[in-house]
Amino acid sequence: MPKTIVMYCLMRAFTLLGVYVLFGCMGEGAVQADTPVGKANQVSIEHYPVSPIGNAPGASPQTKALALSLGAGINFGNMLDAPSEGAWGLKVEDEFIALVGNKGFSRHVRLPVRWSNHASTDAAAVIDPEFFKRVDSVVDRLLAGGSTVVLNMHHYRQLDGDPLDATDRSVDPSVVRVRFLAMWDQIAQRYAGKDDRLIFELYNEPHGIQESTWNDLLSRAVRVVRKSNPQRALVVGPTLWNSASALEKLVLPPDPNLILTVHHYEPFNFTHQGADWVQPTKPLGVDCCDANQAALMTSLLDTAVKQAARLGYPIFVGEFGAYSLAPEAARIRYLRLMREAMADRGMPWYYWELAAGFGVYDPAKHEFRTNIKQALFQP
Ligand code: GLC
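Being a predicted model, the structure only gives us computed values, none of them experimental.

Calculation criteria
- Starting from 1, residues in each chain are numbered consecutively following that chain's sequence as written.
- Since the coordinates come from a predicted model, pLDDT governs what is reported: local features require at least 70, and pairs of side-chain atoms require 80 or more to be given and counted, while whole-chain, interface and lining totals use all residues.
- The side-chain quantities take in all heavy atoms of the structure and omit both hydrogens and water.
- In these notes, residues near a molecule or strand are those with any non-hydrogen atom within 4 Å of it.
- Here a polar contact is taken to be a pair of N or O atoms separated by no more than 3.5 Å, where protein atoms must pair a possible hydrogen donor with a possible acceptor and residues adjacent in sequence count only if both atoms sit in side chains.
- Every accessible area reported is derived by Shrake-Rupley at a probe size of 1.4 Å, with residue values counting cover from the shown protein chains alone.
- The buried label goes to any residue with under 20% of its type's maximum accessible area, the exposed label to any with over 50%, and the partly exposed label to all in between, with areas taken from a 1.4 Å probe on protein chains only.
- Under the scheme used here, helices are H or I runs from DSSP no shorter than 4 residues and strands are E runs no shorter than 2 residues, and both carry numbers assigned from the N terminus.
- Strands pair, by our definition, only if DSSP identifies at least two bridges between them.
- We call a crossover right-handed when, viewed with both strands directed away from the observer, the connection leading from the first strand over the helix to the second proceeds clockwise.
- Centres within 6.5 Å make a pair out of two Phe, Tyr or Trp rings, where for Trp the six-membered ring is used; the pair is then stacked when the planes are under 30 degrees apart, edge-to-face when over 60, and tilted otherwise.

Asker: Any chance you could explain the site of the ligand here in plain terms?
Answerer: Lining the immediate environment of the ligand, one finds His154, His155, Asn204, Glu205, Tyr265, His272, Trp277, Glu319, Trp352 and Phe358. Within the contact set of the ligand, an oxygen atom lies 2.8 Å away from a side-chain nitrogen or oxygen of His154. Within the side chain of Asn204, an N or O atom sits 3.3 Å from an oxygen atom of the ligand. Coverage of the ligand by the protein amounts to 88% of the 300 Å² it exposes when considered alone.

This is how it looks when you write it as structure tokens:
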């Protein structure tokens, strides 16, 4: 890069624009050095090349071992994945962090984070420093407590073509996908030095996106993460809300440190009865689990196992659960059946979720919901 341009970039970076001019000055396909403020939108997705072409080699021994070490986990849901922390009535409390880890009921945490709503709306998607610090502190404390942590990106509504939540930041459609990559570039760099027990998950439940578009984005995202984290375990899942049935369309880049994920909420009319975020709302009073329901539950797990074997990577169930309005006894039957079926197939799992509408823990009473905890986490 010519010296004058370097000088120009540094000068701009240290004055008005901070990180995102630097971003614009780096790497192949970067915007011109004189990109005016506000035109960062013009950074194309080609700024982030696809992974090398080639067959996915299957998982490395260390990633297989890591996946085997995972087990009965818990989602810290409705906290950092809300439009802002607390907007859905929950924050990551010290109390919650104290529940997990070596001394807790689970040593495996999945941490959903809505990065997109805490990043600049241009192509550079500069993540708010204060938000980054907040996530740092949660990740650090979870790791220090002995947990493995799956840190993901959750609810980037525009990537899914979904309507925004009321306080979500709206971005120009032309920068939606490049922002995804720009955010991963920053997240990956930020946490590059962390313990191997920190695992990245690229995106929660992609949907409303063509499989080919998702495969392309995945390939670029793996490459951008690998710049700073050559070997960290990276979780990837299929479209259709991470449905096992979409695994056959997933194309993996040639990377040995991937772990697959699926989500499993079938029978959906049972698990989501009364859930007000599902429209039209499913009627209450649905029971579980008769032979047809059980067959649906296990057949999806079988599909997941079969596809994972075909692809050569370990797989876990990143979310499953039944909402609190499902009949209590049926809910417990559902949980026991799922737990047993996943154990039979050697699949690690993460229950959705800790302390909100599916919660294993009652944050108002500061106590576990014993029946759920027993069904899932006790011998
Ligand atoms: C998905 C959504 C989450 C929702 C859960 C159960 O993970 O991201 O917000 O609560 O499924 O529907």
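Asker: Explanation requested: the pairing of strand E2 (residues 108-111) in the structure shown.
Answerer: Each regular strand carries side chains that alternate between the two faces of the sheet. Across the two faces of E2 the burial is the same, with His108 and Arg110 and Val109 and Leu111 all buried. The sheet contact formed by strand E1 (residues 72-75) and E2 spans two bridges and is parallel. Note that in E2 the partner of Asn75 across the bridge is Arg110. For the crossover from E1 across helix H4 (residues 94-99) to E2, the handedness is right-handed. Bridging between E2 and strand E3 (residues 148-152) involves four bridges; their strand directions are parallel. For His108, the partnering residue across the bridge sits in E3 and is Thr148. The parallel pair E2 and E3 is bridged by helix H5 (residues 129-144), and the resulting crossover is right-handed.

Asker: I would appreciate a short explanation of the packing of aromatic side chains in the present structure.
Answerer: Enumeration according to the criterion identifies 20 aromatic pairs in this entry. Plain terms: the ring middles of Phe320 and Tyr351 are 5.7 Å apart, the flat faces sit at 70° to each other, and that makes the pair edge-to-face. A residue pair is termed long-range when its members are at least 10 positions apart, and Phe320 in the loop between strand E7 (315-319) and helix H11 (328-344) and Tyr351 in strand E8 (residues 349-351) qualify at 31 residues. In terms of burial, Phe320 and Tyr351 fall into one category: buried. Relative to Phe377, the ring of Trp349 has its centre 5.3 Å away and its plane inclined at 55°; by these criteria the two rings are tilted. Here Phe377 lies in helix H12 (residues 370-377) and Trp349 lies in strand E8, a separation of 28 residues in the sequence. Considered together, Trp349 and Phe377 belong to a single accessibility category, that of buried residues.

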